[in-house]
Amino acid sequence: MNRWRGHWDIEFLGSKHWHYGRVCDLEANAAVKYRFLGYFWDKRKAWIKKMTVRTMTIDDYEGVKELWLSIRGFAIRSLDDSREGVARFLVRNPSSSVVAVEDGRIVGAILCGHDGRRGCLYHVCVNPAYRRRGIGKAMVVFCMDALKKENINKVSLIAFTKNDIGNAFWHSVGWKQREDLNYYDFVLNDENIEAFNQ
């Protein structure tokens, strides 16, 4: 168990894990990262409804877009985040993007891909009503495992400096904030307009 995943397991599940009424040792249970596919007893001693974390497909687009639009301050690009733009991304990265589904609706999503050298996470989000239950961490683990299967050794992301909730999340799960570089970009298509949800 690596340090990042160990931190996730210990923080959210403790040294023992309840699954369908029986206790499982984390070290002995290789599938612990997928224990969100069922019921578990959390640290607040409350049952959590069944929630599924799975690979995103283009059929999920409307539900994912609805999730994006529900989050205040979320940035959406007119071309990149259109159905066609997301479909193009998923064709290039068919197995690494993820959705979390509960109560028949998409409550979390991540666009995840790589260029053959480095992975990158985009639009990491969880419905505000479903936060603080480990859904974000479960999705990130899913993406990291998918990248490892494709022999990607490093993954990065961009978080707006004003996104206090997002930055706190990444610090809490052990990601390093780089202080030794500057981020640059160049707009190739002025029609790809970025707008922030109000």
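Throughout, a residue's number is its position along its own chain's written sequence, starting from 1. Local features in this predicted model are restricted to residues of pLDDT 70 or higher, and side-chain atom pairs are both shown and tallied only at a pLDDT of 80 or more, whereas totals for entire chains, interfaces and linings draw on every residue. By convention in this description, side-chain values take in all heavy atoms of the structure and omit both hydrogens and water.

### Remarks on helix α4 (residues 135–149)
We apply this condition: Runs of H or I in DSSP of at least four residues are treated as helices and runs of E of at least two as strands, each being numbered from the N terminus. To estimate the expected span of a helix, count its residues, drop one, and scale the result by 1.5 Å. Type-normalised accessible area, obtained with a 1.4 Å probe on protein chains alone, sets the label of each residue: buried when under 20%, exposed when over 50%, and partly exposed for intermediate values.
With 15 residues, α4 should cover 21 Å at 1.5 Å per step; its first-to-last C-alpha distance of 22 Å lies within 8% of that length. Counting buried positions along α4 gives 13 out of 15 residues, so the element sits mostly inside the fold.

### Concerning the packing of aromatic side chains
Put simply, the rule reads: For this analysis, a ring pair means two rings from Phe, Tyr or Trp (six-membered ring only for Trp) whose centres lie within 6.5 Å, classed as stacked if their planes differ by under 30 degrees, edge-to-face if by over 60, and tilted for the remaining angles.
Throughout the structure, instances matching the rule amount to six aromatic pairs. Pairing Tyr61 with Trp68 gives two aromatic rings, centres 6.5 Å apart and planes at 85 degrees, and the pair type is edge-to-face. Summarising the burial analysis for this pair, Tyr61 and Trp68 share the class buried. Where Trp68 meets Phe74, the ring centres are 6.0 Å apart and the plane angle is 20 degrees; that geometry is what we call stacked. Chaining the aromatic ring pairs together yields one cluster made of Tyr61, Trp68 and Phe74.

### A closer look at the packing of α4 against helix α5 (residues 164–172)
Here is the rule we go by: Only the contacting stretch of a helix is used when fitting its axis, a line to C-alpha atoms as for every element, and angles between N-to-C directions run 0 to 180 degrees. For classification, angles of less than 35 degrees are called roughly parallel, those exceeding 145 degrees roughly antiparallel, those between 65 and 115 degrees roughly perpendicular, and all remaining angles oblique. Each crossing gets its handedness from the near helix: less than a right angle anticlockwise from the far helix is left-handed, clockwise is right-handed. Here, residues are in contact when the closest pair of their heavy atoms is within 4.5 Å. Three residue categories are used. Nonpolar comprises Ala, Val, Leu, Ile, Met, Phe, Trp, Tyr, Cys and Pro, charged comprises Asp, Glu, Lys and Arg, and polar comprises the others, including Gly.
Contact pair α4 / α5: the axes reach a minimum separation of 12 Å and the direction vectors enclose 60 degrees. Accordingly, the angle class assigned to the pair α4 and α5 is oblique. Pair α4 / α5 crosses with right-handed handedness. Counting all contacts with α4, which are made through Gly136, Lys137 and Val140, the residues of α5 involved are Phe169, Trp170 and Ser172. Residues that form the contact of α4 with α5 fall into these classes: three nonpolar, two polar and one charged.

### Notes on the pattern of salt bridges
A side chain of one charge can pair with a side chain of the opposite charge when the charged atoms of the two come close. Filter applied, for reference: For salt bridges, the criterion is a side-chain nitrogen of Lys or Arg within 4 Å of an Asp or Glu carboxyl oxygen.
Taken as a whole and assessed by the stated rule, the structure comprises four salt bridges. A salt bridge links Arg77 to Glu194; the shortest N-O distance between them is 3.5 Å. Separated by 117 residues along the polypeptide, Arg77 in strand β4 (residues 75–77) and Glu194 in strand β9 (residues 194–196) bring together distant segments of the chain. For the salt bridge of Arg133 with Glu102, the shortest nitrogen-to-oxygen distance reads 2.7 Å. Here the residue Arg133 occupies a position in the loop between β7 (119–126) and α4, and Glu102 occupies one in strand β5 (residues 98–102), the gap between them amounting to 31 residues. With respect to burial, Arg133 and Glu102 carry one shared label: buried.

Everything listed is a geometric property; what it means functionally is a separate question.
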